[in-house]
Amino acid sequence: MQKTVSIIIPFHNEPIYTVFNVLTSINNQIGINFEKVEVILVNDGGPELPNGKDTFRLLKNLDVIFYH
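Thresholds applied
- Per chain, residue numbering runs from 1 following the sequence as it is written.
- In view of the model being predicted, local features appear only for residues whose pLDDT reaches at least 70, and side-chain atom pairs are presented and counted only at 80 or more, with totals across whole chains, interfaces and linings using the full set of residues.
- The side-chain values count all of the structure's non-hydrogen atoms but skip hydrogen atoms and water molecules.
- The term salt bridge refers to a side-chain nitrogen of Lys or Arg lying within 4 Å of a carboxyl oxygen of Asp or Glu.
- Here a helix means four or more residues in a row that DSSP labels H or I, a strand means two or more in a row labelled E, and each is numbered from the N terminus.
- A 1.4 Å probe rolled over the protein chains alone gives each residue an accessible area, and that area as a share of the maximum for its type sets the label: buried under 20%, exposed over 50%, partly exposed in between.
- A residue counts as positive if it is Lys or Arg and as negative if it is Asp or Glu; His and the chain ends are not included.
- Two N or O atoms count as a polar contact when they lie within 3.5 Å, although within protein this holds only if one can serve as hydrogen donor and the other as acceptor, and sequence-adjacent residues are included solely when both atoms are side-chain atoms.
- We call two residues contacting when some pair of their heavy atoms lies within 4.5 Å.
- To estimate how far a helix should extend, the number of its residues minus one is multiplied by 1.5 Å.
- Within this analysis, the arc is defined by the directions that extend from the helix axis to the C-beta atoms.
- The definition of a nonpolar core used throughout is a set of buried Ala, Val, Leu, Ile, Met, Phe, Trp, Tyr and Cys residues joined through side-chain atoms within 4.5 Å.

Participant: Explain the pattern of salt bridges residue by residue, including any values.
Facilitator: Summed over the entire model, instances satisfying the criterion amount to 1 salt bridge. A salt bridge links Asp 63 to Lys 3; its shortest N-O distance comes to 3.6 Å. With Asp 63 in the loop between strand E2 (37-43) and strand E3 (64-67) and Lys 3 in the segment before strand E1 (5-11), this residue pair connects regions lying 60 residues apart in the sequence.

Right, here's the structure in full:
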């Protein structure tokens, strides 16, 4: 299925919990067909995330694409 909504989230030097809180808020929305939503995280030159994309594996509803 083609995604119809892309949420692009740039970040630079934010603590991992800040990024996780943003993604958790999206993940907990009600009435959204998450099969049509993708979240694109763009690390704008900050340090690598611990465990990369696996950091967000607890967010079952989200299709997270990660760019460094």
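On we go from here.
Participant: Break down the side chain of Glu 38 for me, citing the residues and quoting the values.
Facilitator: Relative to the helices and strands, Glu 38 is located in strand E2. In this structure Glu 38 is buried but unpaired, with Lys 3 as the nearest side chain of opposite charge at 6.4 Å. There is a polar contact of 2.4 Å between the side chain of Glu 38 and the side chain of Ser 6.

Participant: Can you explain the side chain of Asn 43? Please cite residues and give values.
Facilitator: By secondary structure assignment, the location of Asn 43 is in strand E2. A polar contact of 3.1 Å, which involves the side chain of Asn 43, links it to the side chain of His 68. Setting aside chain neighbours within four positions, we find Asn 43 in contact with Phe 11, Glu 48, Phe 66, Tyr 67 and His 68.

Participant: How would you explain helix H1 (residues 16-27) if you had to name every residue and give the values?
Facilitator: Taking 1.5 Å per residue as the helical rise, H1 with its 12 residues ought to reach 16 Å, and the 16 Å between its terminal C-alpha atoms agrees with that figure. Those residues of H1 that fall on the buried side of the exposure criterion are Val 19, Leu 23, Ile 26 and Asn 27. One side of H1 carries all its buried residues, which in axial view fall inside an arc of 100°. Here the buried face of H1 lies against E1 and E2.

Participant: So what's going on with the nonpolar core? Residues and values would help.
Facilitator: Of all hydrophobic cores here, the largest spans 14 residues; its most connected members are Leu 23, Leu 41, Phe 56 and Leu 62. Mapped by element, the contributors of at least two residues to this core are E1, H1, E2 and E3. Not counting residues within four places of it along the chain, the set of residues in contact with Phe 56 comprises Ile 16, Val 19, Phe 20, Leu 23, Leu 41, Leu 49 and Val 64.

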